[in-house]
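Analysis of the macromolecular model
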Amino acid sequence: MSLAHEPQAPLKNIRVLDLSRVFAMPFAGANLADLGAEVIKIDTCQTQFMDTTRTTTGPFPDNQPGEFWWEQGGTFQNLNRGKRSLTLDLRSEESQGIIKDLVGVCDVVLENFTPRVMARFGLDYESLRAHKPDLIMVSNTGYGHSGPWSNFGAMASALEPTHGTGAFMGYMSEGTDGRLTEGQVPNKMGNSYSDFLASWTALGSLMAALLRRARTGQGQWIDLAMYQTGTTVIGTGLLDYVFNDRRTLRIGNRHPVLSPHGVYPCQGHDQWVAIAARDENDWQAICQAMGNLGLVADARFADPIDRRQHQEELDEIIGAWTSARTSYQAMTSLQEAGAPAGAILTAKQALTDPQYLDRGFFETVHNPPEVGLRSKGYVGRAWKFSNSETGIKGPAPRLGEANEYVLAELLGIDQQSMERLAEDWTIGNLPEGGRAPGQVPLDEQAVLGWIAEFDADYLDRLAR
Amino acid sequence: MPAGLLNGFRVLDLGSGISAPWCTKILADYGADVIKVETPGSGDASRRMGPFAGDDPHPEKSLTFLYLNTNKKGVTLDPSSVSGRKLFDRLLSEADVLVHNSPPAESKELGLDYASLAAVNPGLVVTSIAPFGQTGPYSDFQATDIVTYALSGLMYHSGDSDQPPLRNVLDQSFYVAGSNAAAATQVALFARLTLGEGQHVDVSAAECLGAHLVQPLPYYNYMGAVKGRRPVRGAGFEELMPARDGYVAPSVQGSQPWATIADLIGLEELQDEKFATGAGRVAHGEELKDLLIKGLAQWDRMPLFLASGERRLVFGMAQDAGDLAECPHLGVRDFFVDVDHPVVGPARYPGMAVRLPGEDISSTLPAPLLGQHNSEIFGQELGYSAQELITLRQHGVI
């Protein structure tokens, strides 16, 4: 093998067939594209079967879906950047045959159908392996391909409490003595947390499979159950039950050992700073930053045990100091004194945050003008490689933009067959039926609590 | 025996706490040969983190340490001394990967920066995990999990909109960072196949979480909206609602009609057509919420969850650690692994995040005792004599 010695994309010779929808696997596929893989997204012209991030998730530019609304969704764009798009109709045998032929020229398949669907399409791992003996395939489901719950559908918002995060997350409640005590009501990280755990797990497991295939020629089927994946990240909690019979820990923003530990209000609407003292040095640094070194000598706060006992009084003192500052000012003073502190950023603040900007985390993506999207920042990757080229390759693909490339070039399907496929809407560039989803105006969304607030002048703010 | 996907790769885990040990545990579970290198005397910081088995604060009983370090071997070594560095360089030259999570300034001081490591072994992949990465104005910030979560942009969305943002679960920032680092490390190993050289992988925990902003980010840069925490007043369906023996997560998502949901919950009034559409449920949200509370109070969590799954609905339920540790579904999937540790004894631990059909995962090594494999690695493998090892121990090197 000749060695390159020049930075190149790590996965440049890998082709991925992405049959997945919604969040978890599409995002894994987007990351593979960022790493240089050619990722072919299987789309469809049948609007009711389209990836819901194309049709309903939004957000749309200025909350107004345009002429090409199915290309515009902001979440769809982030999750599918840099891919190619082939339209098919998976219900038809002909399309299923095309998938099998395509698997023969791909290295990796990503899919997230429930087990019965893939078997019905004849696209389960065993069937596909006949077309590609060293195939690596990630099947992502809620509960996996084995076990009594395997055919249950799932979505992240209902999965998250099921895989146990709510046992270790919740606001404290007021006890009979008026003091705060461990809460009874589970809460959630939200924001489709379970989906992203699955994205990262898919990437890790399929890289392991690619490394083995490169050395031994062996393929691998990866049965990724989001329920199971979510359980692994609270393993310490499970062991606390196994060894100590403890089932929950809901202590709000407090910490079982450290004190102070919490979030404190700052100037402005819904602005907060998180502060934690790991040890006595941090505690003194916090007192110093607040200009209140007298607290260090205060017997109520002498050590973390005392501070935890008097946490409500302590929180009031710290909260009074933070309330007179912006979250960034409080963070800066505390960090300068050497104490762990961080402003709780909104996405709006993250977009202009100095650290994110310095590392170039949000990558600007340009769409063709007719799609009707301005150039925008998309989420990047958390990994910087010193000697590999990575980065977002381009926008999400327009519906069916790679039909000709995949069908004619890769699979050698003749023009006559292509025309027939176009006639019955199997391939095309437009949705069959369906129309732009109606949007609730932003001022109504704010009243309903679906959004916290909105800036009509957001473009000017971002340009500043 | 762990899975065999990464057989033949040698990984040095210089990590402490959660992020780097979680990364190398994932690699170990895929079959890599992971050697954990700990500071003589004190060891990995997680040895001092609660909870402990039997609530006994003992360095071999930390549950975080026991969980995160299965399938690894453990040595003690202080690379800041001359003879320690010699020994360390021997280990380095045999390794494919080194993972650490020391603060950027500290790794430079200890000679563990990428340039120094690559000088010993140019084929080495070095993965550095830090709360904010190796560069930028926050790279030297003091951070804990809650601080990392705050600055990622994700914490703002956790919890209820009429309460402060809520901390995540059990140091989640560092688990997400470790999972990312495991993937990125292997990408660099894959690149090495064509590149012929190792490289440095710089992983920022805050960015790992920031990558989850695929909705909040476009909400702002597409339409100027700040997506908040979950609303207190919703469309009747709240994400967690009380059932008879705990909380459930009812859901209208999925392809089933409203009648299926109303029929499942089993309250006649829910069949009313006015609840059949999303708009109707918003318009009659308060009334719907009262009916749901009444209906769900007739159910225990598990029967409702099973009945929902059978009807192709996607309800969830709030489970605690005991529910999960005894989950029959995970049991059938062979998720749990039996681990026998010399100090805390045998127990069932959570296993791998994925099921790998065809792989034989028949036994799991317990987390190493501090310095447990010193003679095996330094003596048998690197050829140090018993006398030399005694000398190194007396000088505090191992």
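Residues numbered from 1 in each chain as written. Chains lettered and ligands numbered in written order. Predicted model: local features only at pLDDT ≥ 70, side-chain atom pairs only at ≥ 80, totals over all residues.

**Quick notes on helix α15 (residues 327-337) of chain A**
All names here are of chain A. Among the residues making up α15, those that are buried are S327, A330, M331, S333, L334 and Q335. In the core, the buried residues of α15 are packed alongside β10 (272-276), α11 (280-289), α14 (311-323) and β11 (341-343). Backbone geometry just downstream of α15 places G338 in the positive-phi region, at approximately 100 degrees. (Buried ≥ 20, exposed ≤ 12 C-beta atoms within 10 Å, placed from the backbone. Helix = DSSP H or I, 4+ residues; strand = E, 2+ residues; numbered from the N terminus. Contact = placed C-beta atoms within 7 Å.)

**Some thoughts on unusual backbone geometry**
Residues and elements named next belong to chain A. In this structure, P59 follows G58 across a cis peptide bond, with omega equal to -10 degrees. Within the secondary structure layout, P59 lies in the loop between α2 (52-55) and α3 (74-80). Following S259, the chain continues to P260 via a peptide bond in cis, the omega torsion being -5 degrees. Locating P260 in the fold gives a position in the loop between α10 (235-244) and β9 (261-265). Although it is not a glycine, D270 adopts a positive phi angle of roughly 55 degrees. With respect to the element layout, D270 can be found in the loop between β9 and β10. By the C-beta count within 10 Å, which is 17 here, D270 ends up partly exposed.

**Structural notes on the sheet that holds strand β8 (residues 220-225) of chain A**
As summarised here, the arrangement of the seven strands in space is β3(A)-β2(A)-β1(A)-β4(A)-β5(A)-β8(A)-β13(B), forming an open sheet in which the pairing is mixed. Pairing within the sheet leaves two strands with one partner each, and these edge strands are β3 (84-87) of chain A together with β13 (354-355) of chain B. Sheet topology places strand β4 (residues 108-111) of chain A next to strand β5 (residues 136-141) of chain A; four bridges connect them, and they run parallel. Across the sheet, V108 of chain A pairs through a bridge with I136 of chain A, a residue of β5 of chain A. (Pairing = 2+ DSSP bridges.)

**Describing the domain arrangement of chain A**
Here chain A is described as being made up of domain 1 (15-169 + 191-231 + 359-463) and domain 2 (268-350). Inter-centroid distance (C-alpha atoms) of domain 1 of chain A to domain 2 of chain A is 42 Å. (Domains from an automatic or database assignment.)

**Description of the packing of helix α1 (residues 24-34) of chain A against helix α8 (residues 193-216) of chain A**
All names here are of chain A. Two numbers describe how α1 lies on α8: the axes approach to 8 Å, and their chain directions differ by 45 degrees. Between α1 and α8, the angle is such that the two are oblique. In the packing of α1 onto α8, the handedness of the crossing is right-handed. Of the residues in α8, those in contact with A24, M25, F27, A28 and N31 of α1 are D195, A198, S199, A202 and L203. Residues of the contact of α1 with α8, tallied by class, amount to seven nonpolar, two polar and one charged. (Axes fitted to C-alpha atoms, helices over the stretch in contact; angles between N-to-C directions. Parallel < 35°, antiparallel > 145°, perpendicular 65-115°, else oblique. Left-handed = near helix turned anticlockwise from the far one by under 90°. Nonpolar A, V, L, I, M, F, W, Y, C, P; charged D, E, K, R; others polar.)

**What about helix α10 (residues 258-265) of chain B?**
Residue and element names in this part refer to chain B. Where α10 is concerned, the buried positions are I261, L264 and I265. What you see down the axis of α10 is that its buried residues fit within an arc of 90 degrees, all on one side. G266 occupies a position one or two residues after α10 and carries a positive phi of about 85 degrees. (Arc of directions from axis to C-beta.)

**Notes on the confidence of the model for chain B**
Considering every residue of chain B, the mean pLDDT works out to 95; 98% of them sit at 70 or more. Here the predicted complex carries an ipTM of 0.97, next to a pTM of 0.97. (pLDDT = per-residue confidence, 0-100.)

**Looking at the domain arrangement of chain B**
Looking at the assigned domains, one finds that chain B contains domain 1 (10-212 + 331-394) and domain 2 (241-317). For domain 1 of chain B versus domain 2 of chain B, the distance between C-alpha centres works out to 44 Å.

**A closer look at the interface of chain B and chain A**
Across the boundary between the two partners, chain B contributes 130 residues, which contact 133 residues of chain A. Element by element, the count of residues in the side of chain B that touches chain A is highest for helix α7 (residues 172-195) of chain B, at 17 residues. Broken down by class, the residue content of the side of chain B that touches chain A amounts to 78 nonpolar, 38 polar and 14 charged. As defined by bridge partners, strand β15 (residues 453-454) of chain A adjoins strand β7 (residues 225-226) of chain B across two bridges and the pair is classed as antiparallel.

**A short note on the environment of L166 of chain B**
Within the secondary structure layout, L166 of chain B lies in the loop between α6 (145-152) and α7. Along the chain, L166 of chain B and S19 of chain B lie 147 residues apart, while their C-alpha atoms are 21 Å from each other. Sequence-distant contacts of L166 of chain B, that is, excluding residues within four places in its chain, are made with M169, Y171, N187, G252 and N253 of chain A together with S158 and G159 of chain B.

**Some points on the nonpolar core**
V273 and A274 of chain A are the most contacted members of the largest nonpolar core, which has 263 residues in total. Sort the elements by how many residues they give to this core and α7 of chain B lands first, with 14 residues. When sequence neighbours within four positions are dropped, the list of residues in contact with V273 of chain A reads V263, Y264, C266, T322, S327, A330, M331, A341, G342, A343 and I344 of chain A. (Core = buried A, V, L, I, M, F, W, Y, C linked by C-beta atoms within 7 Å.)

**Focus on the sheet that holds strand β4 (residues 97-100) of chain B**
Pairing between sheet strands relies on hydrogen bonds along the backbone, with the strands arranged either parallel or antiparallel. Pairing in this open sheet of seven strands is mixed, and the strands run β14(A)-β6(B)-β5(B)-β4(B)-β1(B)-β2(B)-β3(B) from one edge to the other. In this open sheet, the two strands that pair with only one neighbour each are β14 (383-385) of chain A together with β3 (72-76) of chain B. If you compare each strand with its neighbour and ignore which way they point, the axes differ by 20 degrees on average. Here five bridges tie strand β5 (residues 125-130) of chain B to strand β6 (residues 200-204) of chain B, and the two strands are oriented parallel to one another. Looking at β6 of chain B, one finds that T127 of chain B is bridged to V201 of chain B. Each of β14 of chain A together with β4, β5 and β6 of chain B is contacted by α7 of chain B, which is oriented at about 160 degrees to β5 of chain B, the strand it contacts most.

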